[in-house]
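This is what each chain is made of:
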Amino acid sequence: MSEKLKNKDIKEFVNQNYKYGFSTEIESDNLENGLNEEIIKLITKKKSEPELLLNFRLRAYKKWKKMKYPEWSNLQFPEINFQDVIYYSAPKQEKQLSKLDEADPELLKTFEKLGIPLTEQKRLANVAVDAVFDSTSIGTTYKQELIALNIIFTSISEAAWEYPELIKSHLGRAVPIGDNYYSTLNSAVFTDGSFCYIPKDTICPFELSTYFRINERKSGQFERTLIIAKENSYLSYLEGCTAPQYDDNQLHAAVVELIVYDNAEIKYSTVQNWFIGDQFGMGGIMNLVTKRGLCLGINSKISWTQVETGSGITWKYPSCYLVGKNSQGEFYSVAFTKEYQQTDTGSKMLHVGSDTRSRIISKGICAGKSKNIYRGSVKITKKAKAARNYSQCDSLIIGNLATSNTIPYISVRNPITKIEHEASVGNVGQDQIFYCLQRGIPAEEAITMLISGFCQEVFNKLPLEFSVEADYLLRLKLEGTIG
């Protein structure tokens, strides 16, 4: 493809060459393509779910049918044929697993090859893991140890049976049915995900972690994560994502809901490494995700930290609704794009309670012919007296064909507030490269070091295991982009 290709040419090329279709590579338990009420009922039947989830799904599906496909973003990708997607795919298992040791060894080998050891190494690192393979949780580690502390960490399907009142009172509270097009689709067809409940006066002694793997070529993934932190509790939660390389697109439309009560805190960290597509923009994950947290209690806090290096298309805005007095919301992000990757990411901070505080730190690096957009929203309501926000959006461009945009939106309806916003865009300084060359450091290694330093403020917010992984992953992604 010519480097001088214009945006309209890229759009035409994409529409002509992308096809939304797949075929399976491992033996699995699948439904047929398409979406209707019968498919939704069949998902519930396959997973032996209680009626409350079926009713939730059907209400969502009725709303989704009336919604319009969103076209407001500047991202360019082909229209998705939702009738050509498999909405449930599960690896063959005879029973629900109580521990990962019982899982199919081939499944565990798949995760090991990805650098995700789910058994011994994670146990030594004091991390409890829930592994979600396509549409199914294949097992959870440290389950009994957590139960002894009255901490619930299980798949959302199990939770619907074992803790129906918690599910009924919290599912859809942060991301209601009908919130947006893709979250409503998720509400109709979500198949698994993680459920976590931290009881009152409890500090979780483990890092809790979920790894999501899309393996089916034709299957979309629609996991749903629900985390509840009661009064005076604390949780650090890690999320990792990966998928094989196919020359077709795969759809990922997840929902994450966090609900935090008085004096409680959730720290949610993500390292995303989906397939980005090939050098011509073919294939890659379409990552269309809704993440939102409710700081309901006094002095409650939610901190989102994410490193985005994968996906052909990323459309995600982790949000905090600051309802409780003196509640806090934080968002730290590194988004790296190359080749023909496109990202439209950012954060939303809604201040409702008085004395609420929010902080947004976004770092974007774009190379090749990619497009990297930061889109942020900060809203101060009338009741949010003495609210405060600080936003910083910095971008680095490598080469002369990439595009970086910052689109902030600020709405203030209370005069007793303080809002700070700053943004910068540039490239790696030639004087810095020259300084490194004079000391025998090759240009590519020098730029990698400088970009790593550019992202360090965000990396420092990650738990140690993820911080090392994120830095290593960024270095791998930079290979071949600097010429």
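Naming follows an unreviewed UniProt entry, where the protein appears as Iron-sulfur cluster formation ABC transporter of Coscinodiscus radiatus. Listed under Sequence similarities (unreviewed entry) in UniProt, the entry text for the protein is "Belongs to the iron-sulfur cluster assembly SufBD family."

S.K.: Even after reading the chapter, I still don't get the overall build of the protein, so can you show me in this structure?
M.R.: Of regular secondary structure, the protein possesses 13 helices and 24 strands. A buried classification covers 60% of the 483 residues belonging to the protein. When contacts within the protein are restricted to residue pairs at least 6 apart in sequence, those whose partners lie at least 24 apart make up 83%.

S.K.: Is there a simple way to think about the packing of helix H3 (residues 51-66) against helix H9 (residues 181-189) in this case?
M.R.: Any two packed helices are characterised by how steeply their axes cross, that is the angle between the axes, and by the distance between the axes. Orientation of H3 relative to H9, taken along the N-to-C sense of each, is 145°, at an axis distance of 7 Å. With respect to the hand of their crossing, H3 and H9 are arranged in left-handed fashion. Along its contact with H3, which presents Phe56, Arg57, Ala60, Tyr61, Lys63 and Trp64, the element H9 presents Tyr181, Thr184, Leu185, Ser187, Ala188 and Val189. Among the residues making up the contact of H3 with H9, the classes are represented as eight nonpolar, two polar and two charged.

S.K.: Before we go on, may I ask you to explain the packing of helix H2 (residues 37-46) against H3 in this structure?
M.R.: Relative to each other, H2 and H3 sit at 155°, their axes nearing to 10 Å. Judged by the inter-axis angle, H2 sits roughly antiparallel to H3. Where H2 crosses over H3, the two elements pack in a sense that is right-handed. Contact residues: Glu37, Ile40, Lys41, Ile43 and Thr44 in H2; Leu54, Arg57, Leu58, Tyr61 and Lys62 in H3. Tallied by class, residues from the contact of H2 with H3 come to five nonpolar, one polar and four charged.

S.K.: Where do I start with the environment of Lys338 in this structure?
M.R.: Its place among the elements puts Lys338 in the loop between strand S17 (328-337) and strand S18 (342-345). With relative accessibility at 14%, the residue Lys338 sits in the buried group. Through-space distance from the C-alpha of Lys338 to that of Ala402 is 8.1 Å; in sequence the pair is 64 residues apart.

S.K.: I tried to follow the packing of aromatic side chains on my own but got confused; where do I start?
M.R.: Aromatic ring pairs are defined here through the distance separating the ring centres and the angle between the ring planes. Taken as a whole, this structure holds 15 aromatic pairs when the rule is applied. Each ring, one from Trp72 and one from Tyr317, has its centre 6.3 Å from the other, and the planes form 35°; the classification is tilted. Of this pair, Trp72 sits in the loop between H3 and strand S2 (89-91) while Tyr317 sits in the loop between strand S15 (313-316) and strand S16 (319-322), and the two are 245 residues apart along the sequence. By relative accessible area, Tyr317 is classed as buried at 11%. Taken together, a centroid distance of 5.0 Å and an interplanar angle of 25° make the contact between Tyr237 and Tyr268 stacked. Of the two residues, Tyr237 sits in strand S9 (residues 234-242) while Tyr268 sits in strand S12 (residues 265-273), which places them 31 residues apart along the sequence. Taken together, the ring pairs in this structure connect Tyr61, Trp64, Tyr69, Trp72, Phe82, Tyr181, Tyr182, Trp315 and Tyr317 into an aromatic cluster. The aromatic ring of Phe454 is capped on one face by Lys363, whose charged end is 4.9 Å from the ring centroid.

S.K.: Is there a simple way to explain the nonpolar core in this structure?
M.R.: Note on soluble globular proteins: their nonpolar side chains tend to be buried together. Phe82, Tyr87, Tyr182, Leu185, Val189 and Phe195 are the most contacted members of the largest nonpolar core, which totals 48 residues. Here this core gets seven residues from one element, more than from any other, and that element is H3. With sequence-adjacent residues up to four places away left out, Tyr182 is seen in contact with Tyr69, Pro70, Phe77, Ile80, Phe82, Ala253, Leu288 and Trp315. Core analysis: the second largest hydrophobic core is formed by 33 residues, Leu146, Cys196, Leu208 and Met349 among them.

S.K.: What exactly am I supposed to notice about the pattern of salt bridges here?
M.R.: For side chains of opposite charge, pairing can occur when their charged atoms come near one another. One pass over the full model with this rule turns up 10 salt bridges. Between Glu49 and Arg57 there is a salt bridge, with the nearest N and O atoms lying 2.7 Å from each other. One exposure class covers both Glu49 and Arg57, and it is buried. Taking the shortest distance from any N to any O, the salt bridge between Glu330 and Lys301 comes out at 3.6 Å. Placement of Glu330 in strand S17 and of Lys301 in strand S14 (residues 301-308) is noted, with a sequence separation of 29 residues between them. The same class applies to Glu330 as to Lys301, namely buried.

Parameters and conventions
- Residues numbered from 1 in each chain as written.
- Predicted model: local features only at pLDDT ≥ 70, side-chain atom pairs only at ≥ 80, totals over all residues.
- Heavy atoms only, no water.
- UniProt positions renumbered as here; feature names shortened; annotations may be inferred.
- Helix = DSSP H or I, 4+ residues; strand = E, 2+ residues; numbered from the N terminus.
- Buried < 20%, exposed > 50% of the residue type's maximum accessible area, 1.4 Å probe, protein only.
- Contact = heavy atoms within 4.5 Å.
- Axes fitted to C-alpha atoms, helices over the stretch in contact; angles between N-to-C directions.
- Left-handed = near helix turned anticlockwise from the far one by under 90°.
- Nonpolar A, V, L, I, M, F, W, Y, C, P; charged D, E, K, R; others polar.
- Parallel < 35°, antiparallel > 145°, perpendicular 65-115°, else oblique.
- Phe/Tyr/Trp six-rings, centres within 6.5 Å; stacked < 30°, edge-to-face > 60°.
- Lys NZ or Arg CZ within 6 Å of the ring centre and 35° of its normal.
- Core = buried A, V, L, I, M, F, W, Y, C linked by side-chain atoms within 4.5 Å.
- Salt bridge = Lys/Arg side-chain N within 4 Å of Asp/Glu carboxyl O.

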